[in-house]
Amino acid sequence: MSSIPCELKTSYGHVWQVVGESTTASKLKEGSFSHKQSYLPEVTSLGVNSIKLNKLIVPSNAKSTLLKDTLLSVINTTAPDEISKSDAFFESEIAQLEKQIILANKAYWLKLQKLVINEKNISSDVLKQLSDLINFAMDSLSRYANKNALVLF
């Protein structure tokens with residue numbers, strides 16, 4: 001499932017704009033992330049402390065490490081060299097970015113759910129399709145959070 005467009009903030013002061021502009025993947029050389037290319041976003045610099053990610057994928061439950069791996073790849077290539085990139089740093093940074101992604105997506109789908117419930121001019125067929133989509137998204141996000149032990153409050 002693709003993330004909604006959102007803004008993420010790193011602990012080292014960078015801002016990531018997730019925009020969802022295309023479905024093409026960044027081209028990587030053969031290596032540790034090459035088998036995950038379809039999940040990797042294109043990264044564009046927007047200035048000294050800001051980047052744009054064309055997409056972020058919140059993978060199905062069975063592939064839950066792919067978001068972590070994607071975040072690790074982006075952090076590795078964008079974090080300033082002067083930051084001590086220890087295992088503890090990566091673990092903490094990935095966890096707080098995952099939380100931001102899941103919370104932003106949940107807020108979007110909850111808002112859409114409220115709009116749909118209160119809308120009187122939606123046919124029953126369309127209402128059912130929207131409800132199914134919202135339920136799928138919310139269930140997927142909850143499963144991801146639960147599988148990865150993310151505390152969202």
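Quick notes on the rules
Residues numbered from 1 in each chain as written. Predicted model: local features only at pLDDT ≥ 70, side-chain atom pairs only at ≥ 80, totals over all residues. Heavy atoms only, no water. Helix = DSSP H or I, 4+ residues; strand = E, 2+ residues; numbered from the N terminus. Expected span 1.5 Å × (residues − 1). Contact = heavy atoms within 4.5 Å. Buried < 20%, exposed > 50% of the residue type's maximum accessible area, 1.4 Å probe, protein only. Core = buried A, V, L, I, M, F, W, Y, C linked by side-chain atoms within 4.5 Å. pLDDT = per-residue confidence, 0-100. Salt bridge = Lys/Arg side-chain N within 4 Å of Asp/Glu carboxyl O.

**Student:** Got a minute to help me understand helix α1 (residues 65–78) in this structure?
**Tutor:** Along an α-helix, residues three or four positions apart point the same way, because every turn accommodates 3.6 residues. Taking 1.5 Å per residue as the helical rise, α1 with its 14 residues ought to reach 20 Å, and the 20 Å between its terminal C-alpha atoms agrees with that figure. Structurally, α1 contributes buried residues whose contacts are with β2 (15–18), β3 (43–47), β4 (50–53), α2 (87–118) and α3 (124–147).

**Student:** Looking at this structure, how should I read α3?
**Tutor:** Here α3 spans 34 Å end to end across 24 residues, near enough to the 34 Å set by a 1.5 Å rise per residue. Among all positions of α3, only I134, A137, M138, S140, L141, Y144 and A145 are buried. Where α3 is buried, its residues touch α1 and α2. Among the residues trailing α3, A149 stands out with phi positive, at a value near 50°.

**Student:** How should I be thinking about the nonpolar core in this particular structure?
**Tutor:** Soluble globular proteins tend to pack their nonpolar side chains together in the buried interior. Of all hydrophobic cores here, the largest spans 31 residues; its most connected members are L8, W16, L56, L71 and I75. Mapped onto this core, the elements with two or more residues apiece are β1 (6–9), β2, β4, α1, α2 and α3. Ranked by the residues each element gives to this core, the list is headed by α2, at eight residues.

**Student:** Help me understand the confidence of the model for the protein, please; the structure alone is not making it clear to me.
**Tutor:** If pLDDT is low for a region, its predicted coordinates should not be looked at in detail. Mean pLDDT over the protein: 86, with 87% of residues reaching 70 or higher. The least confident element of the protein is β3, whose mean pLDDT is 90; the most confident is β1, at 97.

**Student:** Help me out: how do you make sense of the pattern of salt bridges in this one?
**Tutor:** Should their charged atoms come close, side chains of opposite charge can pair. One pass over the structure, following the stated rule, counts three salt bridges. The residue K68 makes a salt bridge to E98 at a minimum N-O spacing of 3.0 Å. Within this pair, whereas K68 is found in helix α1, its partner E98 is found in helix α2, the two being separated by 30 residues in sequence. Given a relative accessible area of 1%, E98 falls into the buried group. One salt bridge connects K128 with D132, and the closest N-O pair in it is separated by 2.8 Å. Within this pair, K128 and its partner D132 are both found in helix α3, separated by four residues, close to a single helical turn.

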